[in-house]
Amino acid sequence: RRIAVLASGRGSNLQVLIDAIAAGRLNATIAGVFSDRPKAGALERARHASIPTTSLRPRDFDSRAAFDDALFSHVDTVQPDLIVCAGYMRLLSEHVVEARQGHMINIHPSLLPAFKGLHTHQQALAAGVREHGASVHFVTSELDGGPVIAQARVPVLDGDDADALAARVLTREHPLLLATVKVLAEGRVRLRDGTVTLDDRPL
Ligand code: GRF
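The rules behind each value
Residues numbered from 1 in each chain as written. Predicted model: local features only at pLDDT ≥ 70, side-chain atom pairs only at ≥ 80, totals over all residues. Core = buried A, V, L, I, M, F, W, Y, C linked by C-beta atoms within 7 Å. Buried ≥ 20, exposed ≤ 12 C-beta atoms within 10 Å, placed from the backbone. Helix = DSSP H or I, 4+ residues; strand = E, 2+ residues; numbered from the N terminus. Contact = placed C-beta atoms within 7 Å. Near = placed C-beta within 6 Å. Nonpolar A, V, L, I, M, F, W, Y, C, P; charged D, E, K, R; others polar. UniProt positions renumbered as here; feature names shortened; annotations may be inferred. Pairing = 2+ DSSP bridges.

Chemist: Any chance you could explain the nonpolar core here in plain terms?
Modeler: For soluble globular proteins, the rule of thumb is that nonpolar side chains tend to be buried together. By size, the foremost hydrophobic cluster in this structure holds 49 residues, and its most contacted members are Val5, Ala7, Leu14, Val33, Ala86 and Ile105. At seven residues, helix α6 (residues 162-185) tops the list of elements feeding residues into this core. Sequence-distant contacts of Val33, defined by excluding residues within four places in its chain, comprise Val5, Ala7, Leu14, Ala42, Leu43, Ala46, Ile51 and Thr53.

Structure (structure tokens):
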């Protein structure tokens, strides 16, 4: 299977996929890494692994739609079976998402549907929850609102600040993303009529 990864930041989730492929633990190819931030660490990690990269700057485009059309025309050239948003921090236009439903996933650092959007660890601390985590979901036009495929949970501990909580979540995000990409690459998980199926049964 061919994977395209979209990333805006340091790229530790991307690295997990790169390492798993190199170690023979994930039968897939990362066909390209795409970013809205030319300085993203993720691009450096991709180049190091000899993966083609593309980065475009939103400010060079007149609108969100124009930027997304340009970025996704590059994504399309690598003919991905699966598009993984791994710390991609930009809202996607509806038409771009809708055309790729069932083929695009996102990792989000909260137990969705709780704490959508940004600053999820601060949101969790402010809400006083005792459990937090990460979710991988199919991308739909509702921000962080698409059908959830899998989640990983961590406790919130006394004395946690947002950084401590983020670090604990990240250790679970990495295996969660890998496990999810694996079942997707094997064709075992699908989105059918808005429902996630595993081995053809609703999750
Ligand atoms: C992760 O916490 C991801 O869930 C969030 O941004 C962070 C990206 O980390 N949306 P990295 O760039 O993969 O290291």
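Chemist: Help me out: how do you make sense of the site of the ligand in this one?
Modeler: The environment of the ligand is made up of 14 residues, and the closest members are Gly9, Ser12, Asn13, Gly87 and Pro109. Among the elements of the structure, α1 (12-22), β5 (104-108) and α6 are those that each provide at least two residues to the shell around the ligand. By residue class, the composition of the shell around the ligand is six nonpolar, six polar and two charged.

Chemist: What's the story with the UniProt feature "active site" (unreviewed entry) in the protein in this structure? I'm lost.
Modeler: Within this numbering scheme, the UniProt entry marks His108 as carrying the feature "active site" (unreviewed entry). By the secondary structure assignment, His108 is in strand β5. With sequence-adjacent residues up to four places away left out, His108 is seen in contact with Ala134, Ser135, His137 and Asp144.

Chemist: Looking at this model, I keep getting lost on the pairing of strand β4 (residues 82-85). Mind explaining?
Modeler: Regular strands place their side chains on alternate faces of the sheet. As judged from the four bridges shared by strand β1 (residues 2-6) and β4, these two strands associate in the parallel manner. What sits directly across from Leu6, in β4, is Cys85. Two elements, β4 and β5, share three bridges in a ladder whose sense is parallel. Each residue of the ladder has a partner; that of Ile83, found in β5, is Met104.

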